[in-house]
Amino acid sequence: MEKHHEPLKASSDVLLSDTFTLVPSEGLLLSLQLTKTELQVHSQPSGHHAPTSTRLFLTDCIGCRTFKGKDPADIGGYFTVVFYPLMMGKGSTAYRQRVSRTFRAGTFQGRDQNMQVARTWVQTIQQLADQQGEPYFLPTSPHFLVLVNPHGGTGKALELFQKHVIPILMEADVHFTLLVTERPNQARELVRDQDLSRWDAIVVMSGDGLIFEVVNGLMERPDWMVAIKKPLAILPGGSGNALAASVNHYSGQQQVMGTKLLINCSFVLCKGQPQPLDIVSLTTLSEKRIYSFLSLAWGFISDVDIESEKYRFMGSIRFSFGTLVRLTALRTYRGRLSYVKDSTLSKTKDLDTITNNPSSDNKCPVIQTDGVVKEELEDSLLVPLGQPVPSHWTVVQEDEFVLVLALYQSHLGADLYTAPMVQNLGEGNIHLFYATSRISRGSLLKLFLSMEKGTHMDTEIAHLVHVPVKAFRIEPLQNTGIMTVDGEVIPCEPIQGQIHRGLGCCISAPSKT
Ligand SMILES: Nc1ncnc2c1ncn2[C@@H]1O[C@H](COP(=O)(O)OP(=O)(O)OP(=O)(O)O)[C@@H](O)[C@H]1O
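Residues numbered from 1 in each chain as written. Predicted model: local features only at pLDDT ≥ 70, side-chain atom pairs only at ≥ 80, totals over all residues.

The name given to the protein in an unreviewed UniProt entry is sphingosine kinase, with Pelobates cultripes as the source organism. As its UniProt record puts it under Subcellular location (unreviewed entry), the protein is described as follows: "Endomembrane system". (UniProt positions renumbered as here; feature names shortened; annotations may be inferred.)

Below, the structure written as structure tokens:
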């Protein structure tokens with residue numbers, strides 16, 4: 001929203017123009033002008049007040065509606081328009097804040113005519129607001145399945161959903177079915193077993209753990225190839241909220257936390273579009289298949305994530321606190337790390353064909369125990385974990401690692417801007433970070449302090465390596481340490497993974513690249 005004193009737009013740009021009164025007000029007269037991109041509100045001079053002009057951009061508009069006055073004698077036609085523009089808050093950070101304006105049309109003597117004026121404005125604004133950006137793939141009044149983990153974060157997810165999200169969904173004319181999870185794996189079983197065609201998108205309000213359940217539940221379905229394309233959406237309701245922070249970032253919004261992040265993400269849910277989401281297919285030595293949308297961590301980062309669970313009451317600060325605690329007693333882990341980089345070709349197929357074309361031939365038939373043939377996602381860059389990695393892979397020999405992190409989105413937490421090079425959900429890269437025991441405590445502290453703003457990538461940190469890869473393998477040489485996938489603990493054993501570019505789908509702002 002901008003206030004200015006510029007001259008009115010050229011009349012050829014103006015689609016609708018009329019005079020209204022502002023509600024509630026003492027009959028303040030306004031001249032409204034609607035162009036393809038904005039609603040201009042011009043107040044007329046009154047008393048000592050000079051005329052002002054306000055511009056409300058339709059890209060920020062999530063809904064509008066008409067209504068009649070409560071008094072039957074009131075001949076006015078009313079309409080309300082709701083915007084969520086990015087506005088400066090304290091500390092010079094911009095975040096989305098609600099701006100609602102109600103106008104009364106009263107030029108005609110009859111209520112029907114004034115209501116007709118209000119309806120014309122609402123229909124035109126709605127149409128123009130919907131048209132902003134790319135064509136939208138969801139219906140006009142979509143129906144979402146909303147999964148809320150009441151124990152997520154500090155245990156306030158349901159309360160926050162009711163207080164902040166429901167009003168936005170109602171203003172945007174979004175319908176939803178709410179399911180409050182009662183136990184772990186309930187969401188996973190639901191999306192695995194239910195008919196998903198009833199919902200246009202699956203919205204998860206929790207941390208990253210619940211969306212991990214949903215991704216894996218979708219991939220367990222016999223029709224996973226179709227199911228994994230169901231648009232997902234994330235609302236921050238946990239303590240980590242890495243995917244929510246990444247979506248917020250890709251949508252051109254500044255890094256914020258708490259309710260501000262929730263409102264930003266609720267806006268993206270209503271105005272964003274389904275975008276391709278990278279999925280990394282992981283296989284463990286025990287042949288367990290895990291699908292990951294965010295990260296695999298071993299060593300320092302997963303230690304902090306899991307060991308700081310006991311400080312959960314602190315909210316997201318628990319990670320910073322846990323980092324300081326772990327720095328005082330640094331651990332190292334013996335293991336071997338192998339990877340294949342961007343430019344390397346697979347033995348059998350051109351790498352770009354595999355990773356850049358999600359619909360390419362990346363599925364293979366697997367006969368299940370019941371004899372049914374089910375096609376599984378094929379990891380064409382990987383050989384079985386029992387065999388050595390292909391000769392063209394790079395191997396970091398059995399070193400003492402302090403941390404290994406494979407990250408595919410920009411954020412590892414709401415204030416951990418760990419991979420600033422990532423610009424959207426579906427770039428097709430695994431960003432592999434590792435540090436060996438040669439890294440000093442001072443360097444590690446510097447790394448975590450500068451990660452909030454993403455400046456750790458600006459200067460070289462000795463013994464911290466970053467390499468974008470398409471596939472990797474981690475072989476712990478002792479069964480020690482914590483390993484996490486998307487923040488969830490898995491047994492610490494040899495594991496390998498390959499990225500599948502844009503296999504999934506998540507609501508975000510359209511990609512910039
Ligand atoms: N009603 C429930 N009761 C207990 N656990 C649940 C319930 N619903 C979901 N879970 C489980 O809680 C775990 C943690 O959820 P999630 O990661 O979404 O929240 P969080 O831990 O607060 O967030 P973050 O991962 O960002 O710290 C998940 O593994 C999920 O399976």
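*Asks:* Which parts of the structure should I look at to understand helix α4 (residues 208-219)?
*Replies:* Side chains three or four residues apart in an α-helix point the same way, a direct result of the helix having 3.6 residues per turn. Compared with an ideal rise of 1.5 Å per residue, which puts 12 residues at 16 Å, α4 spans 17 Å between its outermost C-alpha atoms and is within 8% of the ideal. Within α4, 11 of the 12 residues are buried, leaving the element largely enclosed by the surrounding structure. Those residues of α4 not exposed but buried are D208, L210, I211, F212, E213, V214, V215, N216, G217, L218 and M219. (Helix = DSSP H or I, 4+ residues; strand = E, 2+ residues; numbered from the N terminus. Expected span 1.5 Å × (residues − 1). Buried ≥ 20, exposed ≤ 12 C-beta atoms within 10 Å, placed from the backbone.)

*Asks:* Honestly, the site of the ligand in this entry has me stumped. Any pointers?
*Replies:* Every one of the 21 residues lining the ligand counts as a neighbour, but S206, G207, G209, G238 and G240 are closest to it. Per-element tally for the shell around the ligand: the top contributor is α4, with four residues. Across the shell around the ligand, the residue classes tally to three nonpolar, 13 polar and five charged. (Near = placed C-beta within 6 Å. Nonpolar A, V, L, I, M, F, W, Y, C, P; charged D, E, K, R; others polar.)

*Asks:* Whenever I open this one, the pairing of strand β17 (residues 295-299) confuses me. Can you help?
*Replies:* Within a regular strand, side chains alternate between the sheet's two faces. With five of its five residues buried, β17 lies for the most part within the structure. Two strands pair when backbone bridges link them, and β17 and strand β21 (residues 394-407) are joined in this way by five bridges, in the antiparallel orientation. From the neighbouring strand, L296 faces β21, where its bridge partner is A406. Both β17 and strand β24 (residues 483-485) contribute to a ladder of three bridges, which runs antiparallel. Residue pairing across strands places A297 opposite T484, the latter belonging to β24. (Pairing = 2+ DSSP bridges.)

*Asks:* So what exactly am I meant to see when it comes to the UniProt feature "domain: DAGKc" (unreviewed entry) in the protein here?
*Replies:* With numbering aligned to this structure, UniProt lists the feature "domain: DAGKc" (unreviewed entry) at residues 139-286. Taken as a whole, residues 139-286 contains 42% helix and 24% strand, while its terminal C-alpha atoms sit 43 Å from one another.

*Asks:* Help me understand the environment of M115, please; the structure alone is not making it clear to me.
*Replies:* Assignment of secondary structure puts M115 in helix α1 (residues 111-131). Judged by local crowding, M115 falls into the buried class, with 20 C-beta atoms found within 10 Å. Taking the C-alpha atoms as reference, M115 lies 6.8 Å from Y78; in sequence the two are 37 residues apart. Excluding anything up to four places from it in sequence, M115 contacts T66, K68 and G77. (Contact = placed C-beta atoms within 7 Å.)

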